Amino acid sequence: MSKKNPPPPIKTTPPTPASKQPPKQPEKKGFTPEDYVTLTIPLEEVKDIKLAFDIFDGDGSGTIDPQELKQSFIDLGFGGQNKFVYQILAELDEDQSGGIGFDEFLKLATAKLSEKDSRADIIKVFATFDTHKVGKITVL
Ligand SMILES: [Ca+2]
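Predicted model, so just to flag it, every value in this text is computed and none were measured. The residue numbers shown here count from 1 along each chain, following its written sequence. Whole-chain, interface and lining totals are the exception, using all residues; otherwise, since this is a predicted model, local features are given only for residues with pLDDT of at least 70 and side-chain atom pairs are given and counted only at 80 or more. Side-chain metrics rest on all non-hydrogen atoms present in the structure, leaving aside hydrogens and water.

Describing the coordination of the calcium ion
Let me state the cut-off plainly: In this listing, donors mean N, O and S atoms no farther than 2.8 Å from the metal, or 3.2 Å for Na, K and Ca; water is missing from the atoms, so a site can look incomplete. Between 85 and 135 degrees for all angles marks four donors as tetrahedral; over 155 degrees for opposite donors together with 65 to 115 for all other angles marks four donors as square planar and six as octahedral; every other arrangement is irregular. Type-normalised accessible area, obtained with a 1.4 Å probe on protein chains alone, sets the label of each residue: buried when under 20%, exposed when over 50%, and partly exposed for intermediate values.
Here the calcium ion is held by D57 (OD), D59 (OD), S61 (OG), T63 (O), E68 (OE) and E68 (OE), and the distances to it run 2.3 to 2.6 Å. Here the calcium ion is ringed by 6 donor atoms whose angles at the metal span 51 to 162°, and the overall shape comes out irregular. Taken in sequence order, the residues that donate to the calcium ion follow the motif D-x1-D-x1-S-x1-T-x4-E. Judged by relative accessible area, which is 34%, T63 ranks as partly exposed.

The structure is reproduced here in structure tokens:
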């Protein structure tokens, strides 16, 4: 009677608390920002660029198609520059898939200001996202 058997720990799986918050920015399972970090692209920048990408990628398909790009520019007040949209697409869509994947988007967003004026213009557009210089993009 001296030996007490402690009751076995009852394993209860706590119910996963369901998030009540609507997923404003659903994170794709496949996306790992670390995968895109390079010597010249810090993690923070990858995350920021992903935020911008998600804004453009309205349906969350993982690619920005011409209509989404166009709509995003209209939303941003660049509606009269449709030509610019297709200029960006032509520049970005290296594999001619008809849409911009994140890797292509990242390449553009982090491109050094090169001899191509269009790149400089595009960088300026991205800068407009961060008008308050807070380092992040406000999602309405
Ligand atoms: Ca899409």
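Digging into the pattern of salt bridges
Put simply, the rule is: Counted as salt bridges are all cases of a side-chain nitrogen of Lys or Arg within 4 Å of a carboxyl oxygen of Asp or Glu. Strands are runs of DSSP state E lasting at least two residues, helices are runs of H or I lasting at least four, and both sets are numbered from the N terminus onward.
Under the defined criterion, the tally for this structure stands at 1 salt bridge. Across the salt bridge formed by K50 and D54, the nearest N and O atoms sit 2.9 Å from each other. Residue K50 and its partner D54 are located together in helix 1 (residues 43–56), separated by 4 residues, close to a single helical turn. Relative accessible area serves as the criterion here: at 6%, K50 is assigned to the buried category. Accessibility expressed as a relative area gives 21% for D54, which makes it partly exposed.

Examining the packing of aromatic side chains
Test applied: Classification of ring pairs uses Phe, Tyr and Trp, with its six-membered ring standing for Trp, and accepts pairs whose centres are within 6.5 Å; under 30 degrees between planes counts as stacked, over 60 as edge-to-face, and the remaining range as tilted. Our definition puts a charge over a ring when NZ of Lys or CZ of Arg is within 6 Å of the ring centre and also within 35 degrees of the ring normal.
Going through the model one piece at a time under the given rule, you end up with 6 aromatic pairs. For the pair Y36 and F102, a centre-to-centre distance of 4.8 Å together with 85° between the ring planes defines the contact as edge-to-face. Here F102 lies in helix 4 (residues 102–109) and Y36 lies in the segment before helix 1, a separation of 66 residues in the sequence. According to the relative accessible area criterion, Y36 is partly exposed, its value standing at 25%. Given a relative accessible area of 6%, F102 falls into the buried group. In textbook terms, an aromatic cluster arises when at least three aromatic residues are bridged by ring pairs, as seen for F31, Y36, F53, F56, F102 and F105. K50 extends its terminal NZ or CZ atom over the ring of F31, reaching a point 4.5 Å from the ring centre.

Concerning helix 4
Within helix 4, 6 of the 8 residues are buried, which leaves the element mostly enclosed by the surrounding structure. Regarding helix 4, the residues found buried are F102, E104, F105, L106, L108 and A109.

Considering helix 1
The test is simple: In this analysis, the expected span of each helix is defined as 1.5 Å times one less than the number of residues it contains. As used here, the arc is the angular range of directions from the helix axis to the C-beta atoms.
Given a rise of 1.5 Å per residue, 14 residues ought to cover 20 Å, and the 20 Å separating the end C-alpha atoms of helix 1 matches this to within 8%. For helix 1, every residue scored as buried is listed here: V46, I49, K50, A52, F53 and F56. Projected down its long axis, helix 1 shows its buried positions confined to an angular sector of 165°, all on one face.

Considering the confidence of the model for the chain
Note the threshold: Scored from 0 to 100, pLDDT reflects the predictor's confidence in each residue.
Here the chain averages 73 in pLDDT, while 58% of its residues score no lower than 70. Across the chain, element-level confidence peaks in helix 1 with a mean pLDDT of 90 and bottoms out in helix 5 (residues 117–129) with 60.

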